[in-house]
Amino acid sequence: MKEILADIDGWRQAGKRVALATVVQVYGSAPRPLGAKLAVSEDGAMVGSVSGGCVESATVQEALEVLSSGAPRLVSYGIADETAWEVGLACGGTIEVFIEPLDW
Amino acid sequence: MAELFDQVAQAIREDELCAVVTVLGGEKVGGKLLARRAASRERGSAIATAGSLGNGALDQAAVERAKDAMEAGGTTRVTIAAEGREWDLLIDVHVPQEKLVIVGAVHIAIPLVTFAKALGLYTVVIDARQIFATQDRFDHADELVRSWPEDALQEMTLSESTYFVTLTHDEKLDTPALIHALGHPVGYVGALGSKRTHAKRVAVLREAGMSDEQIARIHAPIGLDLGGRSPEEIALAIMAEIVQVRNRRTDRSKEGRE
């Protein structure tokens, strides 16, 4: 969390809305632990990570939808072994990510 | 807007132990509660909260679980029953970075920094004496502070996640540093020196107004008895003792203090 605060502050000071994605469940050998975070600004910039590369772009898409709808959502990602190899991870886990607008 | 987040951000920036509880599903989805200690650096302090999960009984139950998670030192997902329903919650715990403060840039401090870093501690070495506190010797330390311990310590936060050792071999430097540390809820205090040296030190500390309870917190002679003599062996004995104290604390909360 600490490492993403500066970017979040910058976005908010620039008047941009921000969504926060948090790993809330880890099955198998997922690369990032429970509580790992990714923040996304309304123009699609991101900071932090929820998976070490595998599902970040999908999470950014979901985060942008969350920002336009205003409703939080829980998303599950299976990290397929092939995908994992592509990004150099020896994982094959599943993670669940909670994505919410940072309006609290 | 974002008032609660500002409080969370502040607690994390100040590296305070705290927990953010989030409702992950149902009609109260996105509900948030921040739990932190009322006296932020004190173990066992009452829990202060900000925000709400949207239901008083749920808040109360969640705070109890947040307190446990903070004691255990880890983020966890739980299901809580309240108001005749089950609630899916994330309890996101921020654990402060553990820190080892070493007073005295002596030879033992060199391997001690190495061991402490390997165990995940942030390391700070304090010594005003230029011949000891050289960048060459302590390039591996996270911070090398070249000032008198009393001055350097004024600037620092000493909490239960801080482990504190004095190694200068000079009571003029060690004793004031110990007095300062004993005034804070540090997780470990150790002082280098023989039993004889420590007996003299105890007398000085008493004169300075330290209570028996405070003095009893000092681990002296410092370190587990591994029978070693070399700086590396002594550093290992100190680190082993810190690990022992740390694990006892998390396992059995307030028991096991020597």
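Everything numeric in this text was worked out from a predicted model, so none of it was measured.

Q: Quick question: what am I supposed to make of the sheet that holds strand β4 (residues 76–82) of chain B here?
A: Paired through their backbone hydrogen bonds, the strands of a sheet run either parallel or antiparallel. Residue and element names in this part refer to chain B. Strand order in the open sheet formed by five strands is β3-β2-β1-β5-β4, and the pairing between neighbours is antiparallel. Two strands close off the open sheet at either side, each with one partner strand: β3 (47–52) and β4. When strand polarity is set aside, the average angle formed by the axes of neighbouring strands in this sheet is 25 degrees. Direction of pairing for strand β1 (residues 18–23) relative to strand β2 (residues 32–37): antiparallel, over a ladder of five bridges. From the neighbouring strand, V21 faces β2, where its bridge partner is L33. In the packing of helix α1 (residues 3–13) onto the sheet, the strands contacted are β1, β2, β3 and β5 (85–94), and the crossing angle to β2 comes to about 35 degrees.

Q: Explain the interface of chain A and chain B to me, please; I cannot follow it from the model alone.
A: A common measure of how large an interface is: the accessible area buried when the components associate. Taken together, the contact between chain A and chain B spans 21 residues of the former and 23 residues of the latter. Here chain A meets chain B over a buried area of about 1900 Å², counting both sides, of which 67% is carbon and sulfur. Counting the surface chain A buries against chain B, the share from its top three residues, K2, L5 and W104 of chain A, is 33%. For R77 of chain B, the salt bridge is made with E96 of chain A, and the minimal N-O distance between the two is 3.2 Å. Scanning the region where chain A abuts chain B turns up seven residue pairs in polar contact (both at pLDDT 80 or more). If you list the elements that add at least two residues to the side of chain A that touches chain B, you get α1 (2–13), β1 (18–27) and β5 (94–101) of chain A. A per-element tally of the side of chain A that touches chain B places α1 of chain A first, with six residues.

Rules and cut-offs
Residues numbered from 1 in each chain as written. Chains lettered and ligands numbered in written order. Predicted model: local features only at pLDDT ≥ 70, side-chain atom pairs only at ≥ 80, totals over all residues. Heavy atoms only, no water. Pairing = 2+ DSSP bridges. Helix = DSSP H or I, 4+ residues; strand = E, 2+ residues; numbered from the N terminus. Axes fitted to C-alpha atoms, helices over the stretch in contact; angles between N-to-C directions. Contact = heavy atoms within 4.5 Å. Buried area = accessible area lost by both parts, 1.4 Å probe. Salt bridge = Lys/Arg side-chain N within 4 Å of Asp/Glu carboxyl O. Polar contact = N/O pair within 3.5 Å; in protein donor to acceptor, adjacent residues only side chain to side chain.

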